[in-house]
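# Results of the structural survey
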Amino acid sequence: MKINAQKLVAAAAKARAGSVSPYSQFKVGAALLTKSGEIIGGANVESASYGLTCCAERVALFKALTEGINNFVAIAVVARWDGGPMPCGACRQLLAEYAPKAKVFIADSDNLEKIRAFTVRALLPSAFVFSP
Ligand code: THU
């Protein structure tokens, strides 16, 4: 299946509008693509207790996973940042667990045409795994 990175980045940019970021004002949007072509969006949600904040990538992942959706082939992340926002370490861990084969597309909301592509494995080599 050929992945349409531009379409997924556009979905992440749209999801970004849902950002709840009154503290940082840093709006991030993410969009997951499944093998069957379904797209699930998410945006960052902040808390007055800052550490409770949840990144856009994890919101999208948790939305999808708790609706029984998996088999992710790609994720796009968009924010107003030169070169686009790189996923934080916590999100990389969750992606390594639940979207290990996914491509990661990163773009600046002011320049959606310029997409940088990574693999989850490249973003988190030797990820922690645990099978009880
Ligand atoms: N943020 C994300 O949504 N994704 C990332 O990968 C990094 C950071 C959010 C969390 C917080 O709401 C804001 O960006 C500033 O850190």
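Refer to the preceding data block for the structure.
Residues numbered from 1 in each chain as written. Predicted model: local features only at pLDDT ≥ 70, side-chain atom pairs only at ≥ 80, totals over all residues. Heavy atoms only, no water.

### A word on the side chain of Asp108
To keep it simple, the criterion reads: Each helix is a run of H or I in the DSSP string that is no shorter than four residues. Each strand is a run of E no shorter than two, and both are numbered from the N terminus. Three exposure classes are used, based on accessible area relative to the maximum for each residue type with a 1.4 Å probe and protein chains only: buried under 20%, partly exposed in between, and exposed over 50%. N or O atoms within 3.5 Å of each other form a polar contact, as long as, within protein, one can give a hydrogen and the other can take it, and as long as residues adjacent in sequence are counted only when both atoms are side-chain atoms. Two residues qualify as a contact provided that any one of their heavy atoms is within 4.5 Å of a heavy atom in the partner residue.
Along the chain, Asp108 turns up in strand β4 (residues 103-108). The exposure class of Asp108 is buried, given its relative accessible area of 8%. Here the side chain of Asp108 touches Arg80 through a polar contact of 2.7 Å, side chain to side chain. In this structure Asp108 touches Val78, Ala79, Arg80, Trp81, Asp82, Gly83 and Gly84, once residues within four positions along its chain are discounted.

### Brief notes about the site of the ligand
Just so we agree on the cut-off: We call a residue near a molecule or strand whenever a single non-hydrogen atom of that residue lies within 4 Å of it. Here the accessible surface of atoms and residues is derived via Shrake-Rupley with a 1.4 Å probe, and residues count as covered only by protein chains that are part of the display.
Residues in close proximity to the ligand include Ser24, Phe26, Val28, Asn44, Glu46, Thr53, Cys55, Ala56, Glu57, Met86, Pro87 and Cys88, which together make up its full environment. Here Glu46 contributes a side-chain N or O atom positioned 2.5 Å from an oxygen atom of the ligand. Interatomic distance of 2.6 Å between a side-chain N/O atom of Glu57 and an oxygen atom of the ligand. In the complex, the protein chains occlude 78% of the 380 Å² of accessible area that the ligand would expose alone.

### Points about the sheet that holds strand β2 (residues 39-43)
Keep this limit in mind: The pairing criterion for strands is at least two bridges between them, as found by DSSP. Simply put, an axis is a line fit to the C-alpha atoms, just over the touching stretch for a helix, and the angle between two N-to-C directions goes from 0 to 180 degrees.
The strand order β2-β1-β3-β4-β5 describes an open sheet built from 5 strands, whose pairing is mixed. Bordering the open sheet on either side are β2 and β5 (111-119), each of which pairs with just one other strand. Each neighbouring strand pair of the sheet contributes to a mean axis angle of 20 degrees, computed without reference to strand direction. The strands that helix α2 (residues 56-66) touches are β1 (28-34), β2 and β3 (72-79); relative to β2, the one it contacts most, it runs at about 135 degrees.

### Some points on the pattern of salt bridges
What counts is decided by this rule: In the sections that follow, a salt bridge refers to a side-chain nitrogen of Lys or Arg positioned within 4 Å of a carboxyl oxygen of Asp or Glu.
If you walk through the whole model with that rule in mind, you get 3 salt bridges. Residue Asp108 is joined to Arg80 by a salt bridge in which the shortest nitrogen-to-oxygen separation is 2.7 Å. Here Arg80 lies in the loop between β3 and α3 (89-98) and Asp108 lies in strand β4, a separation of 28 residues in the sequence. Accessibility expressed as a relative area gives 33% for Arg80, which makes it partly exposed. Connected through salt bridges with shared partners, the residues Arg80, Asp82, Asp108 and Asp110 form a single ionic network.

These figures come from the coordinates and say nothing about function on their own.
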